[in-house]
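# Structural overview for review
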There are 4 protein chains.
Amino acid sequence: MNIEQNQIEKHNDALLTSHQRKISFLKEEWSHIDLENVIQKLVDFQIAIPSWALGTGGTRFGRFAITGGEPRTIEEKIEDVGLLHALNGASGAISLHIPWDIPQNAGALKSLAAGYGLKFDAMNSNTFQDQAGAAHSYKFGSLQNVNKAIRKQAIEHNIEVIKHGIALGSDALTVWLADGSCFPGQLNFRKAFENTLESLHEIYAALPEDWKMFVEYKAFEPNFYSTTVGDWGQSLLYASKLGKKAYTLVDLGHHLPNANIEQIVSLLLMEGKLGGFHFNDSKYGDDDLTAGSIKPYQLFLIFNELVEGVDAKGMNHAKDLGWMIDASHNVKDPLEDLLQSVEAIMIAYAQALLVDRKALNAAQDNNDVAKAQEILQNTFRSDLRALVAEARLRANAALSPINLYRELSVRQNLVKDRGLGTVATGL
Amino acid sequence: MNIEQNQIEKHNDALLTSHQRKISFLKEEWSHIDLENVIQKLVDFQIAIPSWALGTGGTRFGRFAITGGEPRTIEEKIEDVGLLHALNGASGAISLHIPWDIPQNAGALKSLAAGYGLKFDAMNSNTFQDQAGAAHSYKFGSLQNVNKAIRKQAIEHNIEVIKHGIALGSDALTVWLADGSCFPGQLNFRKAFENTLESLHEIYAALPEDWKMFVEYKAFEPNFYSTTVGDWGQSLLYASKLGKKAYTLVDLGHHLPNANIEQIVSLLLMEGKLGGFHFNDSKYGDDDLTAGSIKPYQLFLIFNELVEGVDAKGMNHAKDLGWMIDASHNVKDPLEDLLQSVEAIMIAYAQALLVDRKALNAAQDNNDVAKAQEILQNTFRSDLRALVAEARLRANAALSPINLYRELSVRQNLVKDRGLGTVATGL
Amino acid sequence: MNIEQNQIEKHNDALLTSHQRKISFLKEEWSHIDLENVIQKLVDFQIAIPSWALGTGGTRFGRFAITGGEPRTIEEKIEDVGLLHALNGASGAISLHIPWDIPQNAGALKSLAAGYGLKFDAMNSNTFQDQAGAAHSYKFGSLQNVNKAIRKQAIEHNIEVIKHGIALGSDALTVWLADGSCFPGQLNFRKAFENTLESLHEIYAALPEDWKMFVEYKAFEPNFYSTTVGDWGQSLLYASKLGKKAYTLVDLGHHLPNANIEQIVSLLLMEGKLGGFHFNDSKYGDDDLTAGSIKPYQLFLIFNELVEGVDAKGMNHAKDLGWMIDASHNVKDPLEDLLQSVEAIMIAYAQALLVDRKALNAAQDNNDVAKAQEILQNTFRSDLRALVAEARLRANAALSPINLYRELSVRQNLVKDRGLGTVATGL
Amino acid sequence: MNIEQNQIEKHNDALLTSHQRKISFLKEEWSHIDLENVIQKLVDFQIAIPSWALGTGGTRFGRFAITGGEPRTIEEKIEDVGLLHALNGASGAISLHIPWDIPQNAGALKSLAAGYGLKFDAMNSNTFQDQAGAAHSYKFGSLQNVNKAIRKQAIEHNIEVIKHGIALGSDALTVWLADGSCFPGQLNFRKAFENTLESLHEIYAALPEDWKMFVEYKAFEPNFYSTTVGDWGQSLLYASKLGKKAYTLVDLGHHLPNANIEQIVSLLLMEGKLGGFHFNDSKYGDDDLTAGSIKPYQLFLIFNELVEGVDAKGMNHAKDLGWMIDASHNVKDPLEDLLQSVEAIMIAYAQALLVDRKALNAAQDNNDVAKAQEILQNTFRSDLRALVAEARLRANAALSPINLYRELSVRQNLVKDRGLGTVATGL
C-alpha cells in the first residue's frame, strides 16, 4: 500500500486552520527565538526504524495474537517504513538485521528504498540466537566464548553483515552481545572481556575506513548474572581499546534501576565516544515500550544533554550520531506504536532545542538551582507539538500522522494485501 | 513581612495581556470542555505546607550553609505559609509537627493563621527521634517496642498531639513510624506488627469521632532491613483492623524502586481507605525533592487515578483527602522550592481534570491501547499553566508566584527581619 | 531409565565413612539439640517439581541448543521426577500444568506416579498464553478482561484444570495471572481488580471443600506497566475477599528490587493466608535461577520466618504449606539444576531448624542486635550438608545426588532413550 | 583500657579443645590443600578501621541514644582500634579523617599506634561538609564547584591531608566526593567533570611518589539527582587521566540496585586500577550495615574475584590493595559491630582461598555451569570459621573475639573510663 501525496494534503488541509493558530501562538510566545532554525532542525532530524520492529512482539511467555498484515519480506518491511516516512517525514532510514533480513539483491533494495526516500542505517548482527544450520551454538556466548571456533563463527557472521551493509550503502555496524553468564562461577570475567575484545578487534579490522562500530551495552537479560558488555564503562573500555571508529551505543532500557542516563550521555559526548541511541521506554527493565510513554521528562533531559554536548563539540545534530528506535510492540499496532515513538522523540528534541542555554549557563554559574529548574521546565511544559507538526508539513508529511494512518485504514489495507496470519521476523 | 494586595495587583497587571492571550488560546483549544468548572476546582484545591519544610534541610552527612531568614517560631512559620498562600492562593493550610511546634496559645495561633487565610491541617507526631528529657529512647522502635513502657510513652505522645490538634481545629493525625530493624534477627516481625497494632488501637481510641488517622508507610530508611509499616499492604492491614477512622497515607518517596504508585492509589480508593498524600519527588529513595522535578508524568498519572477514583466514589476533590507537601530543601530557598512544588501539583491536577474520560473509557473498553495513550498524553502535553494562573488570579494571588517572590525580595526581607543565622526546626 | 536401589547403595557405601565422620562431628557440635528430630523433619520435607521445569528453558530472545533427552509426554515427565526423587528422596510430588500436560488417563497416571513414590501437587492453569484453537486471545488479559466472553473462557479453563486435578488426587489450584497492562491508560485498575475478583469467585465456587486456591502475585513481566495481582497486598485482598480456601502464593522472583520477602512471609503467616512457595533465585527480576544460587542467606532468612511462623501457628511443616520449585534452566541440564535447587532449599531449611529460638527471643527482648545476628549467622555458617545427606540416606536416596546422576550417566541414557531433539513443553 | 595477653590466653585455653577438634576436622576434609598456606594468608591479612566508625552513627533523622564510652580524642580512637586488634589480630591499621582527627603531634601518635601494633592506613579528606570557620561552603560541590575559589579551598584541604599523612607514615589518600546535583539543570555534567579532573590533578601533583590516590565513586546520596564521580566507569576515567598513582576505590554500598560488583572488581584488576575496598553491607542503598550481614554470598563472590585477579596479576594479597571497613553503627555497640564485620570479611577471604581454581577453570572451559556452581558453593557452604580462629590464635589474639569482648566487659570499662555521654566525631 502507498500513501498518496494528495491524501496527505487533504488531511492537512482539514487541520490547517487549527494548526496555523497554534503556530501563531507559539511564534508570539517564543518571539525571542529563531523558530525557523528550530523547525529546520526538526525537518532534518531522522530516526531510523529497525526492521524487526514492524511486527508484533512477544515476551518469554510467548506471543499473543498478531496484528495482521505484517511484512513478510525485506521489501515489505521497506514498504512499511516508507509508509511511516510518508506520514511523519522523520523516519527516513531503515536498520536491517542479519540474518532476519538477508538482502538477495542489494541494488534492487537500494532503489526500492530510495523510492521511499529511505537510507540504510546501521546494520545489526545477531549472535544472541542460534541460527538454523550453524555449526555452533551461542548458548555460552559468542565473541566471549571459551571455544575459539565459536568465536570465529561469530566474527565471520559480523564480517558478513558488514559486507551486506557495504552493498546497501550503510556505514555502521551495531554489535549487541547477549554474552554473559547466568550463574556465579560460570565465567571468568577477565577472560570473557579479553576474548570479546580480541573478537571485536577482528571485526573492527574488517570495517571500512568511513564506517563506525557501535558497541552496545546492557545490564542484564538474557543473561541474569553478568553481561560481558554490561554498562557504559565497559563499552567505553572496549571502544577506547578498539580505536577511533568504535563508539558506545546507548539503549535507554539497558540500565540498572534509577541510572542517570543523561549524565552518561554527557560524559560519552565529552569523550567523543557517543555513537548513537536506541530509543524506547521502560519502567522495570528492558521493557521496550514506546519512547516517551513512561518517562517523557527523562527523554527531554537526555535530549537536553545531547543538544548541549553536540553543540559544544561542533557536531551536526542529524548526521553525527545514530538515532534509532528499538522497541517491541506487544499490545499495539506496530506502525502506530512507531508513529507514537517518533512523535515523542521529536517533541523531546524540540523542547531541548528551545532551552535558553544562555540563561541556563548563568543559573548554573550562580548555583541558582530553582532558576535552572524553571528554565528546563519552561520548555518541557510548553506545548511544542505544533512545531513538530510544522516540520512535517514542510516535509510534505501529515500534520497528524496517527490520525491519518487510521483515516486511511492503513492496517486494514495491509491485512488485505498480505493476509492476517503473516508474521514478521524478529522477537 | 507581608505581601500587600496592591503589590500582587501590580505584578498581575504587568502580565495580564500575555496571560489573557494564553487563556484565550486555551479556551479555543478546549472549547468542548467546561473550563470554568476546571478553574473553580483549581481555585478550591489547597495543599498543606508542613511546618518543617520552611527551613533548609540536610542529609545524614550534615546540613550545608542555610538560606537565612528561616522562621524561628511557630508564629514565623505561619507567617511563611501566609506568604506562600498570598503568592499562590493554593497553600491555605499548615501542618504542624510535635514537638517541633508545640503551641503555647492555641487561640492566638488560630487567629494568627486565620488572618492569613490558613487552616491547621493534619497534626504530625514524632517518635522517630529521641526527645530531650524523655524517659525512654526510640532507638529500637516506638509503637513496636518490645518494652511496654516505651510503647506507652509513644502512645501518650500521640495522644498529646491529638489534644494540641483539637485545640487548633485540626481533624487528622498522621502517624509516621520509623519503626523497623537494621539487621536480620533484630525483630520478630509478627510481634512487632502486633505491638504496633495494639499501640495504634490505643491512639485510635483517643481520636475524636470526626478525626482521621493516617497510617503512613515507608519501604526503608531510617531502618535498613525492615520497616514495620513498610508498604501499602501493611498500612491497609493496620487501617482495616483499626476501623473506619483509619486510612492509609501515601508519600510518593516511600516505595521500592519502580513501584506503580498510581495503581496503589486506585486500589486504596476502591477500598475506601486512601487518606491522603505527601507530595515530593525522587530518583533513588526518599529523596524528598521538589514535587514534579524528576517524574512529572508519574505525578500526572497519579492525579489521573485520583480524579477518576474520587469521582467514581462521589467524593469531594478538595475536602475528602489530605494533601500535603513533604520535601526537604537542601539546595534551594525553601519558599521557592515550595512554590515550585505547589505549581507542579496544580499543573498535574489540571491535566488530570482535562482528561477526556468518556473517550478513555471507550478506548479501554476496546483495548485500543494506542488511543488510550494518545488521550492521556494529549492533556499532559498541553500547556495548562495559564489555567492554574487563572485560578490564582481569581484567588487574588499572583500570576507568577516565584517571579513576584523574587521581585519583592522576600528572602532578603526575611533575612533582614530575622537574621542570617536562624535555623528552623526540622530535619 | 530407572535408578536401581543397589546403584544407590553402591554409591552410598563408597561415601559412607566420610559421611559418618561429618555426622559425628555435627553430633558433637550440636549435642544440645535433638538432631534426630531435625533429621526426621528433613526426611518428611518434600518439594514438588513442576512439569515445565524438566526441559531446557529460554528467554524472549529464544531458546538455545537443548540438553537432549527431554521428556516428550506426561509419562516421561513423571519418569524424570521419579529419577530426581530416587536420587534425593525429597522430590516426592509433581505439579502439572494445563494445557501442557493434559492427562488422558488419570488412573493410569496416578499408578505410574505412585510407582515412583510421587503425588500430584497443585495444578497450574494457563491463561497467560493463547491456546491453539481457542475462541479468544488473552492479549489484553484473561480474568481481568473487559470482554465478558474472554473472562468466561478463562474461568472455564480454570474449572477444567480443577477437574483434572480431582481425578489425579491433587488438592490445590495455583492461579498465576499475567494480567495487567503495558501502558498508562490501557487499564482502569479498579475495574480490572473487580473483574478479576468476580472471575476468581466463579473459580473458587468450583473448588472442592478440601482444596486450596493459591493466588500468585508478581510485580512485573510479561506486562511492563501494571500487573493486576501485583504484590502481596493485592493478593491478600483477593484471598481475603474470596474466603478461607484462598491463599497467597509467594514466588521469590516476583518482587520489586530489594523487597524484604521474609517479612512478607511472616505477615502472611500471621494472617493465616500464606499458601505456599515457588522457589528460585534472581538478581534482577524474575530470573528463575537455581534456588540459592544468588542469595542463599535470603533463602535461609525466609525459612527462618517459615519455621518460626509455622511453629507459632501450630502448623505442620511438611503438609500445611505448598512447596514447589519454579525455575527455568537455560544453561544447565534441567535435572542437575533441580537437584541443586532442592539441595539448597533443604540446607536452608536445616539451618532454620537449628536456630536457637529461645536465645533469639531473648536477644530480641533485650534489643541485643549483635547477639541476634550471631545466633542466625551461627547456623548459617555451620556446614549442615551432612544432616541433609543423612535424611537422604534414611530415605534410601543418594548421599550425593548430583554426583550419582553423573556417575550413572543419567542424561546420556535419557538421550539414548528419547533422542537428542526432543523438546519438553514449557517456556 | 587494655586487654592483657593473659586474659586472651585464659579465654583461648577454655576454647582450645573444641577449637582443635574443628581444626582436625577441617584438616581431614581439606587434606588435599595446603591449609598452612591459607592460615598464613589469613594471619597476614589486615583490615583498617576508620576512625569515624568507633562511635554510634545516625541517619538524617538524627542519632539515637549513644552507646557510651565513645572515644573523645584521636588517642582514644587509637586505643579502641588497639582493643579490636588485640582481640582479632586482623585490625592492624587505622584510617584517619581530616578534620575530625587532626593530629597535633604526629610523632607521639605514631609511637602510640605502634604500641598497639597499628599502622596508619589511607588518609581521608572531607569536602562533603562545611567546616567551622571555612571561608566557603561546599553546598554546591567542592572539586566540581563553578567557583574557582571554592575548588581551591577544597584542593588545599586535600593537600593538607596529604601532609598530615606523610607525618604519620600513611601512603594513600582517599578522595570521596559528595559532589553532584539534586535537580536536573543544576549542573553542567561535562564542566563538573572537567573542574573535578582539574582539581584532582592539582592534588595528584602534591602526592609523594610512593603514594596512591583512591578515587571513590558513589551512585547517589547525599546528592539525589547526579553524582560527579558516580560509578566505576567515571572513577576509572579520572584515574586513567590522572596517572599511575591514581586508582579506583570500591565501596560495596555505592552502587545502583542489583549491580554486579564482583564483575567490576575483576575488570578493575584487569586494568590494574583497583585501589582498594570499603567494606559494609546494604539492602537498599548506602545502608552502611555490618559487612556480611545481608549478602554474605556476594561478599564471598567479591573475594573470589579478588583472589583470582590478584593472583593472576602476581600481586600481594595483603599489601597491594587497601582494605577498610566503612560502616555506620546505629543500633549496635560500634566495637562489636566492627568485630562482626572483620569476622565476616575473614571468612569470605578464607572461602575464596579454598576455591579449587584448577577445577573451576576446567569447568569454565567446558561450560559446565552446574559444576562451576558446585565448586563455589562447596567452599561457601563449608564451615571455615576455625581457620580464621586459628589465624587469630597464631597472632596471639582471641579465638572468639566478640565473646571475649563481652567477658571482659570492655564497653562497661570504656564507659567507666570515658563517661556515658561522650560522642565520637563522625556521622
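Our structure is the block above this text.
Nothing here was measured: the structure is a model prediction, and the numbers come from that model.

## Things to note about the pattern of salt bridges
Residues and elements named next belong to chain B. Within the structure shown, the criterion is met by 108 salt bridges over all chains. In this structure, Glu209 engages Lys244 in a salt bridge whose closest nitrogen and oxygen atoms are separated by 3.7 Å. With Glu209 in the loop between α6 (189-205) and β7 (212-216) and Lys244 in the loop between α7 (232-242) and β9 (246-251), this residue pair connects regions lying 35 residues apart in the sequence. Lys244 carries the same exposure label as Glu209, and that label is exposed.

## Considering the interface of chain A and chain D
Taken together, the contacts link 51 residues of chain A with 51 residues of chain D. When chain A packs against chain D, the two sides together hide about 4400 Å² of surface, and 59% of this comes from carbon and sulfur. Counting every contact that joins chain A to chain D gives four salt bridges. Our count for the chain A to chain D interface comes out at 20 residue pairs in polar contact (both at pLDDT 80 or more). Contributing elements (two or more residues each) for the side of chain A that touches chain D: α6 (189-205), β8 (226-227), α7 (232-242), α8 (261-270), α9 (296-312), α11 (357-365) and α12 (369-381) of chain A. Its residues placed into classes, the side of chain A that touches chain D shows 23 nonpolar, 18 polar and 10 charged.

## With respect to helix α13 (residues 385-394) of chain D
All names here are of chain D. Of all the 10 residues making up α13, eight are buried; the element is thus mostly covered by neighbouring parts of the structure. Those residues of α13 that fall on the buried side of the exposure criterion are Arg385, Ala386, Leu387, Val388, Ala389, Glu390, Ala391 and Arg392. Of the residues trailing α13, Asn396 is marked for its positive phi of about 60 degrees.

## Thoughts on the interface of chain C and chain D
The interface of chain C with chain D comprises 39 residues on the first partner and 39 residues on the second. Note on chain C versus chain D: buried area summed over both sides is about 3600 Å², and carbon and sulfur give 47% of it. Looking only at chain C, the three residues that lose the most surface to chain D are Arg21, Asn258 and Arg381 of chain C, adding up to 19% of its buried area. Taken together, the links from chain C to chain D amount to eight salt bridges. Measuring nitrogen to oxygen at the nearest pair gives 2.8 Å for the salt bridge that ties Asp368 of chain C to Arg406 of chain D. For the pair chain C and chain D, the interface holds 21 residue pairs in polar contact (both at pLDDT 80 or more). The set of elements that each furnish at least two residues to the side of chain C that touches chain D consists of α1 (5-29), α9 (296-312), α10 (334-353), α12 (369-381) and α14 (401-407) of chain C. The dominant element in the side of chain C that touches chain D, judged by the number of residues it contributes, is α12 of chain C, at nine residues.

What counts, and where the lines are drawn
- Residues numbered from 1 in each chain as written.
- Chains lettered and ligands numbered in written order.
- Predicted model: local features only at pLDDT ≥ 70, side-chain atom pairs only at ≥ 80, totals over all residues.
- Heavy atoms only, no water.
- Salt bridge = Lys/Arg side-chain N within 4 Å of Asp/Glu carboxyl O.
- Helix = DSSP H or I, 4+ residues; strand = E, 2+ residues; numbered from the N terminus.
- Buried < 20%, exposed > 50% of the residue type's maximum accessible area, 1.4 Å probe, protein only.
- Contact = heavy atoms within 4.5 Å.
- Buried area = accessible area lost by both parts, 1.4 Å probe.
- Polar contact = N/O pair within 3.5 Å; in protein donor to acceptor, adjacent residues only side chain to side chain.
- Nonpolar A, V, L, I, M, F, W, Y, C, P; charged D, E, K, R; others polar.

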